[in-house]
Amino acid sequence: MSMRTLDDLDVKGRRVLVRADLNVPLDGETITDDGRIRASVPTIKTLVGRGAKVVVCAHLGRPKGKADPKYSLKPVATRLGELLGQDVAFAADVVGDSARESVAALQDGEVALLENLRYEPGEESKDDAVRGEFAAKLADLAELYVGDGFGAVHRKHASVYDVPKLLPHAAGGLVVAEVEVLRKLTEDTERPYVVVLGGAKVSDKLGVIANLLTKVDRLLIGGGMAYTFLKAQGHEVGGSLLQEDQLDQVRGFLAEAAQRGVDLVLPVDVLAAVTFAADAEHDAVEATAIPADREGLDIGPKTRELFATKLADAKTVFWNGPMGVFEFDAFSGGTRAVAEALIASDAFTVVGGGDSAAAVRKLGLPEDGFSHISTGGGASLEYLEGKTLPGLAALED
Ligand SMILES: Nc1ncnc2c1ncn2[C@@H]1O[C@H](COP(=O)(O)OP(=O)(O)O)[C@@H](O)[C@H]1O
Ligand SMILES: O=C(OP(=O)(O)O)[C@H](O)COP(=O)(O)O
């Protein structure tokens, strides 16, 4: 794979559109983890240093094609400015008057951030023509394009896939660095190779399992992913996160794992809470006996031990998705246990995903205890599947 890099672009005095992944967790307007903003800084700084007019674009959450102040990137513009040590002009729209005016006012070495790309229906449209029309408006704002939003390279979205077809382009430093590390996981993988999956984007991430079963020795499933498996085995999961329409698919994974000899490990106990709240009353119960009026918000103590045992002799580990609702202290123990097992191991360990990386930091665990912390969860998983990712393919052309 060969991608042009920043060194291949002559950016001085030119408007450069940078697609970053600034999808950070927010509590109201407060950024609770700025890891992805920090990860985006080096590329932006390089462009600033080389005298470019830098136009940053990104998404936040899933506003589904409509402006929604809850998902505004405004707080991110402020934080990005603090990290860069210079003002970041914030455009109140994506390709409208505010965006055009903010871009036109940029001097060499200055930075503007556009409002959330996903306010525009064209960004995520499945219709090539609709996406193309929006991409043309975005491309109109700049003369060059830099793809640096690794966490979104698995999305066939206008800003990721279509714009680089319209402008001279290069990969930013973050994308180059992420691909370099993840490639190590796909070539001469040392075994046992263990993947740990959790989190809440269940329907997205169930999709990668069929392919992972052909590559891994063990697959540990926790977090919100686990309940669809438990239900598929015929167990009650109460109000736990569930992907009802994928139960048949999951039964297929269970059969395939058995047939291939892949050790597919599910929770044996969970913390079952009466409601989804930080102070919810809860008990550790057998995973096969979740009361109908409870929901599973973390893996239980026996599962933490089981997962640690399954990780102890691993030589390669990829982990995406928290084991529970780590944002609530009472339900962060499972995530901590898996993180600590990775830190204790001498395997090549990669953690991927916005929330997984945020969890490591929130729990006060040493980031250098892992071989790599990736900004992308879904993106890393699809890369590990061996898939061609739209955002990387577009940068190669
Ligand atoms: N059992 C559970 N029930 C509900 N949500 C869960 C559960 N376990 C984990 N989560 C949630 O999953 C979210 C992260 O999922 P996801 O976005 O898939 O991870 P990442 O960003 O690391 O890829 C967190 O906000 C966490 O609270
Ligand atoms: O948070 C992200 O992915 P991740 O949760 O898989 O790490 C990326 O910003 C992509 O977001 P999306 O999954 O809403 O397309």
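For clarity, every value in this text was computed on a predicted model and none was experimentally measured.

What counts, and at which threshold
- Residues numbered from 1 in each chain as written.
- Chains lettered and ligands numbered in written order.
- Predicted model: local features only at pLDDT ≥ 70, side-chain atom pairs only at ≥ 80, totals over all residues.
- Helix = DSSP H or I, 4+ residues; strand = E, 2+ residues; numbered from the N terminus.
- Rg over C-alpha atoms; globule rule 2.2 N^0.38 Å.
- Buried ≥ 20, exposed ≤ 12 C-beta atoms within 10 Å, placed from the backbone.
- Contact = placed C-beta atoms within 7 Å.
- Core = buried A, V, L, I, M, F, W, Y, C linked by C-beta atoms within 7 Å.
- Domains from an automatic or database assignment.
- Expected span 1.5 Å × (residues − 1).
- Arc of directions from axis to C-beta.
- UniProt positions renumbered as here; feature names shortened; annotations may be inferred.
- Nonpolar A, V, L, I, M, F, W, Y, C, P; charged D, E, K, R; others polar.
- Pairing = 2+ DSSP bridges.
- Axes fitted to C-alpha atoms, helices over the stretch in contact; angles between N-to-C directions.

Turning to the overall build of the protein chain, a few remarks are in order. For the protein chain, the count of helices and strands is 16 helices and 17 strands. Over its C-alpha atoms the protein chain spans a radius of gyration of 21 Å, differing by no more than 12% from the 21 Å that the globule rule assigns to 397 residues. When its C-alpha atoms are laid out on the principal axes, the protein chain stretches across 60 × 45 × 40 Å. Among the 397 residues that make up the protein chain, the fraction classed as buried is 50%. Taking as baseline every contact in the protein chain between residues at least 6 positions apart, the subset at least 24 positions apart corresponds to 72%.

Another aspect to go through is unusual backbone geometry. The omega torsion of the bond from arginine 191 to proline 192 falls at 0°, within 30 degrees of zero and hence cis. Its location among the elements puts proline 192 in the loop between helix H7 (173–186) and strand E9 (193–197). Positive phi outside glycine occurs at lysine 64, with the angle close to 60°. Relative to the elements of secondary structure, lysine 64 occurs in the loop between strand E4 (53–57) and helix H2 (74–84).

On to the nonpolar core. Counting 124 residues, the largest nonpolar core has Val16, Val55 and Val56 as the members making the most contacts within it. Shared between two domains, this core takes at least three residues from each, and those domains are domain 1 (6–173) and domain 2 (189–365). Apart from residues lying up to four places away in sequence, valine 16 is in contact with Val11, Leu47, Ala52, Lys53, Val54, Val55, Ala142, Leu144 and Val146.

This part is about H7. The end-to-end C-alpha distance of H7, which contains 14 residues, comes to 21 Å, matching closely the 20 Å that a straight helix rising 1.5 Å per residue would cover. Of the residues making up H7, those classed as buried are Leu174, Val175, Glu178, Leu182 and Leu185. One side of H7 holds all its buried residues, which, seen down the axis, span an arc of 90°. Projecting away from the buried face of H7 at angles above 90 degrees are the exposed residues Glu180 and Arg183. Looking at the residues trailing H7, positive phi occurs at aspartate 188, about 50°.

Attention now moves to the UniProt feature "binding site: (2R)-3-phosphoglycerate" (unreviewed entry) in the protein chain. When the UniProt feature table is mapped onto this chain numbering, "binding site: (2R)-3-phosphoglycerate" (unreviewed entry) sits at Arg36, Arg118 and Arg155. In this structure, arginine 36 sits in helix H1 (residues 35–49). What makes arginine 36 buried here is the crowd of 25 C-beta atoms within 10 Å. Each residue touching arginine 36, except ones within four places of it in the same chain, is listed here: Asp21, Leu22, Asn23, Val24, Gly151, Gly354 and Thr375. Along the chain, the position of arginine 118 falls in the loop between strand E6 (111–113) and helix H4 (121–124). Judged by the 24 C-beta atoms lying within 10 Å of it, arginine 118 is buried.

Turning our eyes to something else, we now look at the domain arrangement of the protein chain. Considered domain by domain, the protein chain is made up of domain 1 (6–173) and domain 2 (189–365). Each side of the interface is counted separately: domain 1 has 6 residues, and domain 2 has 6 residues. For the side of domain 1 that touches domain 2, a count of residues per class yields 1 nonpolar, 3 polar and 2 charged.

Here the focus is the pairing of strand E12 (residues 269–273). Buried residues dominate E12, accounting for 5 of its 5 residues. The two faces of E12 match: Asp269, Leu271 and Ala273 on one face and Val270 and Ala272 on the other face are all buried. In the sheet, E12 pairs with strand E13 (residues 282–286) via 5 bridges, with the strands oriented antiparallel. Note that in E13 the partner of alanine 272 across the bridge is aspartate 283.

The strand order across the open sheet formed by 3 strands is E13-E12-E14, and the pairing between neighbours is antiparallel. Single-partner strands in this sheet number two, and they are E13 and strand E14 (295–299). Averaged over all neighbouring strand pairs, the angle between strand axes comes to 40°, with direction disregarded. Looking at chain direction, E12 and E14 are connected through 4 bridges and run antiparallel. Its bridge partner lying in E14, alanine 272 is registered against glycine 296. Across the sheet, helix H12 (residues 301–312) is in contact with E12, E13 and E14; its angle to E12 comes to roughly 145°.

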